[in-house]
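One-letter residues, chain by chain:
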Amino acid sequence: MAQGPGCGSGGNQSPGRAGAGGSGGVAGSGGSAGSGGSATGAQTCVPPILIDQPAAKLSQSGCTDPTDSRKMAASVLPYEVNSPLWSDGADKERGLALPVGGKIRVKNCASTPADCQGAGDDGKWVLPVGTVLVKSFLFDGKLVETRLFVHFDAANWVGYSYRWDEAQTDASLVADERVEVAFDTGQRQVTWHIPSRMDCTTCHTPTGGSTLGPETAQMNRVVDGTNQIDRFKSLGLFEIAPATPYKAALPAPTGTVGTVEERARSYLHANCGFCHRPDDANFSSIDLRRDVALKDTNTCGAQAEKGNQGVPDSLIITPGQPTKSLVVLRMTAPPDDDAGKHGRMPKIASYVVDTAAVTLISDWITSLTACPQ
């Protein structure tokens, strides 16, 4: 039985047509960006007038095709990521709608170090007020939920969830609370957990950049024969376009490109690094961003601050011993209970263990003979 994810802007790729790389990237596994437009013409996908009054139906949001709500509006630009956020096995389709005249600012930590919390932030995309990110979740080709993540004003990003009907004709706004959904894909029964709006902002924090997927290392991939960043450049969507060769693409964790360590660090970056970073108030003790050297992540040979998962001699990473490494133990623990007991990571909305990722991280830890000095 499958279950549901959090509000991240990354996610599992739909079956595919694309690969990572181009202009400085590396090859990787593919995924569908979904059907959408070319970000041309009038922008119809915009924030609601009032933050607490989003459209009641997805078809009324301006973010879908007027003739088929299952497709993105022509002014929404589909995109894909190289290293997906785990979402309990769901396929995802993603799109980005910039406001008219809005530009993407790309962090350059070498030229503007004050803009970054270390080199791990290099290449992060900062999206302007008025941006709407569209993300749909599917199982066996059947839509269960679409989320709009909206940069409402300078102080607020907010997420709105829409639940799809059985006929797949439209989706209805979900109340601001967690909702468990059971539905039949035609091939299996799926249990899905729709997050509350507060859940969305638990992961989409300002310190992590609010959005999770859009960054050069994630977006540096070829889709339909064209590098995504090249496409964004041709549309004039950057304040200052990333220089070529582009920052190296994150390797797909489940792919065959890159070493075990590179793929493991890619997974941790995409699934953990947006919270586990030095400027986060709750998780600042370790840093799991890809570009931070392992010796500087404060994980290898380090004691945990929030429990040992019942393994007294465990460390965050114990070289050669994944069963004594809290990175693995937390990935396989039960989800957090209502009393806040420390459990599954990622913390929000990870109801199904990502067994492929557990194997990958375990293999990487097994390969470590000692902590780097």
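Student: Requested: an account of the overall build of the chain, with residues and values cited.
Tutor: Each helix and strand in the chain was counted, giving six helices and 15 strands. Of all 373 residues assigned to the chain, the portion counted as buried reaches 55%. Of the contacts made within the chain by residues no fewer than 6 positions apart, 62% connect residues no fewer than 24 positions apart. Of the accessible surface of the chain, which amounts to about 15,400 Å², a share of 53% is contributed by carbon and sulfur atoms.

Student: Go over the environment of Ser-367, please, and point to the residues and values.
Tutor: On the secondary structure map, Ser-367 appears in helix α6 (residues 355–367). Note on Ser-367: relative accessible area 47%, which makes it partly exposed. In this structure, the C-alpha to C-alpha distance between Ser-367 and Gln-321, residues 46 residues apart in sequence, is 9.1 Å.

Student: Go over the side chain of Lys-107 with me, naming the residues and quoting the values.
Tutor: Looking at the element boundaries, Lys-107 is found in the loop between β6 (105–106) and β7 (125–126). Here Lys-107 sits buried without a salt bridge, and the closest side chain of opposite charge, Asp-121, lies 4.5 Å off (N-O distance). Apart from the residues lying within four places of it in its own chain, the contact partners of Lys-107 are Asp-115, Cys-116, Asp-121, Asp-122, Gly-123, Lys-124 and Val-126.

Student: Any details on the environment of Phe-183? Residues and values, ideally.
Tutor: Considering the arrangement of structural elements, one finds Phe-183 in strand β12 (residues 179–184). Of the residues examined, Phe-183 reaches a relative accessible area of 5% and is grouped as buried. Once residues lying within four places of it in the same chain are set aside, the contact partners of Phe-183 are Phe-139, Lys-142, Val-144, Glu-166, Arg-188, Gln-189, Val-190 and Trp-192.

Student: Outline the state of the cysteines, listing residues and values.
Tutor: According to the stated counting rule, one finds three disulfides in the structure shown. The residue that forms a disulfide with Cys-45 is Cys-63, at a sulfur-sulfur distance of 2.0 Å. Given an S-S torsion of about 80°, the disulfide between Cys-45 and Cys-63 has right-handed geometry. Here Cys-63 lies in the loop between β1 (19–20) and β2 (64–65) and Cys-45 lies in the loop between β1 and β2, a separation of 18 residues in the sequence. Linked covalently through their sulfurs, Cys-300 and Cys-371 form a disulfide whose S-S length is 2.1 Å. Here the S-S torsion is close to -85°, and the disulfide linking Cys-300 with Cys-371 is therefore left-handed. One end of the pair, Cys-300, is in the loop between α4 (260–271) and α5 (326–332); the other, Cys-371, is in the segment after α6, and 71 residues separate them in sequence. The cysteine Cys-272 is free of any disulfide, with Cys-275 supplying the nearest cysteine sulfur at 9.0 Å. You can call Cys-272 buried: its relative accessible area is 14%.

Student: Which residues make up the sheet that holds strand β8 (residues 132–139), and what values go with them?
Tutor: Spatial ordering of the open sheet is given by β4-β5-β8-β9-β10-β11, a layout of six strands whose pairing is antiparallel. Lying at the two open borders of the sheet, with one neighbouring strand each, are β4 (77–79) and β11 (171–173). Averaged over all neighbouring strand pairs, the angle between strand axes comes to 25°, with direction disregarded. Here three bridges tie strand β10 (residues 156–164) to β11, and the two strands are oriented antiparallel to one another. Across the sheet, the residue bridging to Tyr-162 is Leu-173, located in β11.

Student: An account of the pairing of strand β3 (residues 68–72) is needed here, citing residue identities and associated values.
Tutor: Looking at chain direction, β2 and β3 are connected through two bridges and run antiparallel. When the sheet's bridge partners are listed, Asp-65 is paired in β3 with Asp-68. In sequence, β2 turns back onto β3 through a hairpin of two residues.

Student: Lay out the packing of α4 against α6 with the relevant residues and their values.
Tutor: Interaxial distance between α4 and α6 falls to 9 Å at its minimum, and their mutual angle equals 130°. It follows from the interaxial angle that α4 and α6 lie oblique. Two packed elements cross with a definite hand, and for α4 against α6 that hand is left-handed. Of the residues in α6, those in contact with Val-260, Glu-261, Arg-263, Ala-264, Arg-265, Tyr-267 and Leu-268 of α4 are Ala-357, Leu-360, Ile-361, Asp-363 and Trp-364. Each residue belonging to the contact of α4 with α6 can be placed in one class, and the counts come to eight nonpolar, no polar and four charged.

Student: Account for α4, naming residues and giving values.
Tutor: Compared with the 16 Å implied by 1.5 Å per residue over 12 residues, the 16 Å span of α4 between its first and last C-alpha is a close match. All buried positions along α4 are accounted for by Arg-263, Ala-264, Arg-265, Ser-266, Tyr-267, Leu-268, His-269, Ala-270 and Asn-271. For α4, the secondary structure elements touched by its buried residues are α2 (216–219), α5 and α6.

Cut-offs used in this document
- Residues numbered from 1 in each chain as written.
- Predicted model: local features only at pLDDT ≥ 70, side-chain atom pairs only at ≥ 80, totals over all residues.
- Heavy atoms only, no water.
- Helix = DSSP H or I, 4+ residues; strand = E, 2+ residues; numbered from the N terminus.
- Buried < 20%, exposed > 50% of the residue type's maximum accessible area, 1.4 Å probe, protein only.
- Contact = heavy atoms within 4.5 Å.
- Areas by Shrake-Rupley, 256 points an atom, 1.4 Å probe, with all protein chains shown as cover.
- Lys, Arg positive; Asp, Glu negative; His and termini not counted.
- Salt bridge = Lys/Arg side-chain N within 4 Å of Asp/Glu carboxyl O.
- Disulfide = S-S within 2.5 Å.
- Pairing = 2+ DSSP bridges.
- Axes fitted to C-alpha atoms, helices over the stretch in contact; angles between N-to-C directions.
- Parallel < 35°, antiparallel > 145°, perpendicular 65-115°, else oblique.
- Left-handed = near helix turned anticlockwise from the far one by under 90°.
- Nonpolar A, V, L, I, M, F, W, Y, C, P; charged D, E, K, R; others polar.
- Expected span 1.5 Å × (residues − 1).

So yeah, pure geometry; function would need other evidence.
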